[in-house]
Amino acid sequence: MEEDEPELAAGLEAALELAPAVQAAIEQVFPSQDPLDRADFNAVEYINTLFPTEQSLANIDEVVNKIRLKIRRLDDNIRTVVRGQTNVGQDGRQALEEAQKAIQQLFGKIKDIKDKAEKSEQMVKEITRDIKQLDHAKRHLTTSITTLNHLHMLAGGVDSLEAMTRRRQYGEVANLLQGVVNVLEHFNKYMGIPQIRQLSERVKAAQNELGQQILADFEEAFPSQGTKRPGGPSNVLRDACLVANVLDPRIKQEIIKKFIKQHLSEYLVLFQENQDVAWLDKIDRRYAWIKRQLVDYEEKYGRMFPQEWCMTERIAVEFCHVTRTELAKIMRTRAKEIEVKLLLFAIQRTTNFEGLLAKRFSGCTLADGTVKAEVPLPSTNPFLEDETGTETDEIVMEKSDTDKPKKPKVPDNPFHGIVSKCFEPHLYVYIESQDKNLGELIDRFVADFKAQGPPKPNVDEGGAVLPSCADLFVYYKKCMVQCSQLSTGEPMIALTTIFQKYLREYAWKILSGNLPKTTSSSGGLTITSLLKEKEGSEVAKFTLEELCLICSILSTAEYCLATTQQLEEKLKEKVDASLVERINLTGEMDTFSIVISNSIQLLVQDLDAACDPALTAMSKMQWQNVEHVGDQSPYVTSVILHIKQNVPIIRDNLASTRKYFTQFCIKFANSFIPKFINHLFKCKPISMVGAEQLLLDTHSLKMVLLDLPSIGSQVVRKAPASYTKIVVKGMTRAEMILKVVMAPHEPPVVFVDNYIKLLADCSTDTFQKILDMKGLKRSEQSSMLDLFRQRLPAPPSGVENTGSLSLSAPTPEQESSRIRKLEKLIKKRL
């Protein structure tokens, strides 16, 4: 038994371990501060709490008695709860049996109610059976009476319809026929009855007879041959039109077709192909004729046809179709007689007429569908305007009339192109004319430039844009608007090709062709230039007028570049969506970019060439004989003088194109600094004092170059960061070269390491030049070069030796040095 007690205790402890959620629920329901109720109860800690000292063990008996008393109470409570649960199962079974009995009773009551409801329904059906029979009888009787009434109405209506048709009482027939047709629809399901079918056939026969009779009446009133019968329309024909609305739609279409054909028969005779008035120069007479005819129609026949027939618009539309066909035919026959002024005159008058139609009519007859009612405008008919004197006035085609830009067409004009479409195959005449006009315009620009000369300098307002470019684009805009009104298809593509051609010609003939030429632009030398050039003499520079001309051409090219881009966008807006991809002026914009680049290069070359004599003087000075460091050298003063002479003029003339002035500064720095370093290498040998003087001069040039964008300006602006970076990097390299030259070459290892650290240049060619500047002997240079090669850091994998690369291909500075040597040699020979 003693051995089993630990196992029993362990089992009890395991049984008392509850899940955390259960323990939390218990603590929430039965909150307790007793340590024995805690989930993490520790017996040892609890005993230590009860007996913290040895003296407290004196009360151990009392504590044990309290615990035993508590255990006894807990046992009593547990026993009471267990005994109370023994009767719960029996009580539950008893409650379940009672519930089942109650459900059975409820089910029985529901079944009784259902049976009673079925009996009640059966009783109601028996009561209402007779009522339903009476309702069916009433409905059938009502239908029979209604059908008999309709039959009576149909029979009487058919008889009346036949009688009225014979008497041509179209006013009564219009109302009666619609009623008969509506009544006949009620008998569609009774067509199997012979009498009903016979009435239906009589109605159809009456409709056919009415249609033929009405067509005969209109043929009699408006015969196809001969002239119209005098007098206004009769009331019979007006009522006949109302009947035609009810008849087969083909009757209505036949009436409209014959009436319009008869109405336009005179037009076909008056404007036959062999008549003088049929040609384009008298196209106004066609439109004047239809205006008079429409006014005459509204006065005589306006009330004869229903408003929803839109007869006025139908006549105008048919006139447009006939006119387009006739004009296309006569223009094909006499194509060689079409001139551009005549063509533009005819198109302008035609588009004006189409706009007039759009003001008067809605265009509802142009689409296939339901014809909308035409709003009568008796007092505001535009055809009545300017009617007097139309026949007698002669057409005068003045240049101001044909050349002035037309108003843009209304986008929602439904009549646009209804006549003017016939001119599109002949628009090549217009395109060829514009080609010729633009060629003459370019030639005039060239002649004006030669006669007037370059623009006068105007440094106060910035570089002037050549006025010819504005004239060119104004003419372009005029041609584009005019052509878009004529056609938005292939003619617009042809016009775009013409635009491209003369944009390129303007760029080369007016802009590039008038750029000043430089004697050294090709890089070659002539005997004459060498004979004229003396030591220390000034090289040929651009005059103030030439500098202003270059800036003006640059500003003009920039204006043309921006305007060409806008022109491309406008052309894409005007042309059809399917042809947008064929509009591309990128090549022309690139041409103007080339002109801009060439202009900037000329400005850079001019200033660069002006600084060359000063750099040559620097390289020929005896730097080993300089005894003390003074102010900046004369060559530096000369360079600064040239910069102060040219840069303010260029900056003021490029005030409107600031970004290109920045490009000029960057290109000059990229050209001048390498050339300065190349001439710096020619200064050999150099003493310590000479190197200090050169370092002072280099610093002076560096400060001038950093201030180059705002030099000579009252408003000091911060130089662009991209330009400052180039100047600092290049001139810092020149300063490092001089600092290396100033450093002692003993010990050699320190000198080589100092060179690699300051210049970070692994080229043996550059190191050789440094040694030449120091004036070392060849034997010393040989040992220095060997040490330099040994001290070079190992290049990363995959990267070739930069020294070998620099020796394999000559740099631009080396090439320039060779040219200078060749120049000196030729001078000595001469």
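Everything here concerns the structure above.
Scope of this entry: the structure provided in the associated data block. Note that this is a predicted model, so its numbers are computed, not measured.

Side note on the environment of Phe 449
Tracing the chain through its elements places Phe 449 in helix α15 (residues 428-452). On the basis of relative accessibility, which here comes to 14%, the residue Phe 449 falls in the buried class. Each C-alpha atom of the pair Phe 449 and Ile 510 lies 8.0 Å from the other, and the pair is 61 residues apart in sequence.

Digging into a nonpolar patch on the surface
Together, Leu 18, Val 22, Ile 26, Val 29 and Phe 30 make up an exposed nonpolar region whose accessible area comes to about 480 Å². Following the sequence through the fold, Phe 30 ends up in the loop between α2 (20-29) and α3 (43-50). A relative accessible area of 63% means that Phe 30 is categorised as exposed.

A word on the pattern of salt bridges
When the charged atoms of two side chains with opposite charge come close together, those side chains can pair. Tallied over the entire structure, the rule returns 19 salt bridges. Salt-bridge contacts for Arg 349 lead to Asp 284; the nearest nitrogen and oxygen are separated by 3.0 Å. One end of the pair, Arg 349, is in helix α13 (residues 340-360); the other, Asp 284, is in helix α11 (residues 283-300), with 65 residues separating them in the sequence. Among the residues examined, Arg 349 registers a relative accessible area of 19% and is labelled buried. A salt bridge links Lys 702 to Glu 735; the shortest N-O distance between them is 3.8 Å. Taken as a pair, Lys 702 in helix α23 (residues 688-706) and Glu 735 in helix α24 (residues 721-742) lie far apart in primary sequence, 33 residues in all.

Quick look at the packing of aromatic side chains
Counted under the stated rule, the structure contains 18 aromatic pairs. Note on Tyr 287 and Phe 353: the rings are 4.5 Å apart at their centroids and 15° apart in plane angle, and the pair reads as stacked. Here Phe 353 lies in helix α13 and Tyr 287 lies in helix α11, a separation of 66 residues in the sequence. The pair formed by Tyr 287 and Phe 353 is uniform in burial state, with each residue classed as buried. Here the aromatic rings of Tyr 476 and Phe 499 are separated by 4.1 Å at their centres, their planes lie at 25°, and the arrangement is stacked. Pair noted here: Tyr 476 is in helix α16 (residues 467-486) and Phe 499 is in helix α17 (residues 490-511), with a separation of 23 residues, a long-range link. Just as Tyr 476 is buried, Phe 499 falls in that class too. Put simply, the rings of Tyr 267, Phe 271, Tyr 287, Trp 289, Phe 319 and Phe 353 touch in pairs and so form one group of aromatic residues.

Some details on the packing of helix α25 (residues 748-759) against helix α26 (residues 764-774)
Viewed as axis vectors pointing N to C, α25 and α26 meet at an angle of 125°, and their least axial separation amounts to 12 Å. On the basis of their axis angle, the class for α25 and α26 is oblique. Two packed elements cross with a definite hand, and for α25 against α26 that hand is right-handed. Contact with α25, carried on its side by Phe 751, Val 752 and Tyr 755, involves Thr 766, Phe 767, Ile 770, Leu 771 and Lys 774 of α26 and no other residues of that element. In the contact of α25 with α26, the residues fall into six nonpolar, one polar and one charged.

Let's talk about the state of the cysteines
The full count for this structure, using the stated rule, is zero disulfides. Considering cysteine sulfurs only, Cys 469 is the nearest to Cys 560, which forms no disulfide, with 4.6 Å between them. Residue classification places Cys 560 among the buried residues on the basis of a relative accessible area of 1%.

Describing the environment of Ala 614
Along the chain, Ala 614 turns up in helix α20 (residues 586-620). Through-space distance from the C-alpha of Ala 614 to that of Val 636 is 7.3 Å; in sequence the pair is 22 residues apart. Apart from the residues within four sequence positions on either side, Ala 614 is in contact with Tyr 635, Ser 638 and Val 639.

A short note on α24
Over its 22 residues, α24 extends 31 Å from the first C-alpha to the last, a length consistent with the 32 Å expected when each residue adds 1.5 Å. Within the span of α24, buried status applies to Tyr 723, Val 727, Gly 730, Met 731, Ala 734, Glu 735, Met 736, Ile 737, Leu 738, Val 740, Val 741 and Met 742. At its buried positions, α24 is contacted by α22 (658-682), α23, α25 and α26.

Brief notes about the side chain of Thr 766
Note that Thr 766 resides in helix α26. In contact with Thr 766, not counting residues within four places along its chain, are Phe 681, Arg 733, Tyr 755 and Asp 761.

Conventions adopted
Residues numbered from 1 in each chain as written. Predicted model: local features only at pLDDT ≥ 70, side-chain atom pairs only at ≥ 80, totals over all residues. Heavy atoms only, no water. Helix = DSSP H or I, 4+ residues; strand = E, 2+ residues; numbered from the N terminus. Buried < 20%, exposed > 50% of the residue type's maximum accessible area, 1.4 Å probe, protein only. Patch = residues over 30% accessible without salt bridge, like charges linked within 9 Å, V, L, I, M, F, W, Y side chains within 5 Å. Areas by Shrake-Rupley, 256 points an atom, 1.4 Å probe, with all protein chains shown as cover. Salt bridge = Lys/Arg side-chain N within 4 Å of Asp/Glu carboxyl O. Phe/Tyr/Trp six-rings, centres within 6.5 Å; stacked < 30°, edge-to-face > 60°. Axes fitted to C-alpha atoms, helices over the stretch in contact; angles between N-to-C directions. Parallel < 35°, antiparallel > 145°, perpendicular 65-115°, else oblique. Left-handed = near helix turned anticlockwise from the far one by under 90°. Contact = heavy atoms within 4.5 Å. Nonpolar A, V, L, I, M, F, W, Y, C, P; charged D, E, K, R; others polar. Disulfide = S-S within 2.5 Å. Expected span 1.5 Å × (residues − 1).

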